[in-house]
Amino acid sequence: MDAAKRWLIWFAVLAALAFAAWRGIEWVWALPSERSPFRSLDIERPIGWATAMQFDRVRGDSALCRETLAASAVQVEPIEDRREGAEGQCGFADAVSVTQSGLPYSGAVRVSCPLAAALYVWEREVVIPAAAEWLESPVARIEMIGTYACRNVYGRSEGRLSEHASANAIDISGFRLENGRVVSVLRGWDGPEADAAFLRQVRNGGCDVFQGVLSPDYNQAHSDHFHLDMGPFDICR
């Protein structure tokens with residue numbers, strides 16, 4: 001085979017590969033945002049295989065997080081940055097107070113921007129559908145028992161800081177239904193079949209949204225609540 005024919009074959013192969021790559025990129029860009037790693041997080045969209053990757057970008061970019069919230073139905077107010085503790089180790093920057101989300105809470109939700117975005121997705125895509133599947137009444141309110149607290153993990157005198165110390169975590173003790181009944185983590189985890197199934201679905205679905213999810217399966221300290229955070233440790237238990 002002479003050189004001209006070899007070059008022609010190589011050119012044809014490269015052209016075919018370039019065309020395939022172009023069509024592949026075109027196909028990926030045409031995917032719904034929750035299934036495209038190249039698209040920005042849209043918290044009005046369902047959870048998809050690219051959602052966790054998109055949340056990772058939001059967690060590391062305050063401006064992008066604010067844009068994400070602004071493009072959604074979530075309503076927040078900025079909170080003044082705060083530093084406290086013996087060496088200023090506690091506090092937060094670019095945190096928000098959530099004034100309207102998918103579901104109301106029993107107390108003020110003052111959290112990091114990424115956590116506010118994750119809560120909105122979890123409420124709509126996980127909590128509300130799980131209640132419709134397992135419970136006799138929709139969720140009217142989420143029972144919240146804590147967000148920001150300047151403390152170490154488990155409140156110990158030594159050790160690493162809790163994600164609560166940067167307003168990057170929230171503790172959920174239960175769910176008040178529209179009929180007035182409360183499905184609590186403490187009584188429902190090993191309680192009636194429907195309540196237990198609902199709580200496990202809420203926990204499992206949270207693992208698709210939050211970075212850290214701790215439940216009664218983790219340890220005794222979490223027997224009465226779910227811990228949800230957007231910290232650096234990927235854990236679901």
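As the structure is a computational prediction, the values presented were derived from the model and not from experiment.

### Structural notes on unusual backbone geometry
For Asp94, which is not a glycine, the phi torsion comes out positive at approximately 60°. Examined against the element boundaries, Asp94 turns out to sit in the loop between β3 (90–92) and β4 (95–100). The backbone phi angle of Tyr154 is positive, close to 60°, even though this residue is not glycine. Following the sequence through the fold, Tyr154 ends up in the loop between β6 (139–146) and β7 (169–177).

### Description of helix α4 (residues 113–134)
Between its terminal C-alpha atoms α4 stretches 31 Å, which fits the 32 Å expected from 22 residues at 1.5 Å a residue. At Glu123, α4 shows its maximal kink, close to 40°.

### A few points about the nonpolar core
Of all hydrophobic cores here, the largest spans 46 residues; its most connected members are Trp122, Ile172, Phe175, Phe198 and Phe210. By residue number, the principal contributor to this core is α4, which donates 13 residues. Setting aside its immediate chain neighbours within four residues, Trp122 contacts Tyr105, Val127, Ile142, Ile172, Phe175, Val202, Gly205, Gly206, Val209, Phe210 and Leu228. Counting seven residues, the second largest nonpolar core, distinct from the first, contains Ile79, Ala95, Tyr148 and Ala167.

### Describing the sheet that holds strand β5 (residues 109–112)
Spatially, the three strands line up as an open sheet ordered β1-β4-β5, and their pairing is antiparallel. Across the chains shown, the open sheet's two edge strands, defined by having one partner strand only, are β1 (75–78) and β5. Taken pair by pair, the neighbouring strands of this sheet meet at an average axis angle of 40°, ignoring direction. Sitting on the sheet, α4 touches β4 and β5, and the angle it makes with β5 is about 115°.

### Concerning the state of the cysteines
Taken as a whole, this structure holds three disulfides when the rule is applied. Sulfur-sulfur distance for the disulfide between Cys65 and Cys113 comes to 2.1 Å. Where Cys65 bonds to Cys113 through sulfur, the torsion about that S-S bond is close to -105°, and the disulfide is left-handed. One end of the pair, Cys65, is in helix α3 (residues 62–70); the other, Cys113, is in helix α4, with 48 residues separating them in the sequence. Of the two residues, Cys65 and Cys113, neither departs from the other in class, the shared state being buried. The disulfide partner of Cys207 is Cys236, and the S-S distance across this bridge is 1.8 Å. The S-S bond linking Cys207 to Cys236 shows a torsion near 80°; that makes this disulfide right-handed.

### Quick notes on the pattern of salt bridges
Applying the stated criterion across every chain, the model contains twelve salt bridges. Across the pair Arg66 and Asp94 runs a salt bridge, and its minimum N-O distance is 3.2 Å. Of this pair, Arg66 sits in helix α3 while Asp94 sits in the loop between β3 and β4, placing them 28 residues apart in sequence. One salt bridge connects Glu143 with Arg176, and the closest N-O pair in it is separated by 3.6 Å. Of this pair, Glu143 sits in strand β6 while Arg176 sits in strand β7; the two residues are 33 residues apart in sequence, bridging distant segments of the chain. With relative accessibility at 14%, the residue Glu143 sits in the buried group. Each of Glu44, Arg124 and Glu125 takes part in a single network of salt bridges with overlapping partners.

What counts and what doesn't
- Residues numbered from 1 in each chain as written.
- Predicted model: local features only at pLDDT ≥ 70, side-chain atom pairs only at ≥ 80, totals over all residues.
- Heavy atoms only, no water.
- Helix = DSSP H or I, 4+ residues; strand = E, 2+ residues; numbered from the N terminus.
- Expected span 1.5 Å × (residues − 1).
- Bend = angle between axes of the 7 residues up to and from the residue.
- Core = buried A, V, L, I, M, F, W, Y, C linked by side-chain atoms within 4.5 Å.
- Buried < 20%, exposed > 50% of the residue type's maximum accessible area, 1.4 Å probe, protein only.
- Contact = heavy atoms within 4.5 Å.
- Pairing = 2+ DSSP bridges.
- Axes fitted to C-alpha atoms, helices over the stretch in contact; angles between N-to-C directions.
- Disulfide = S-S within 2.5 Å.
- Salt bridge = Lys/Arg side-chain N within 4 Å of Asp/Glu carboxyl O.

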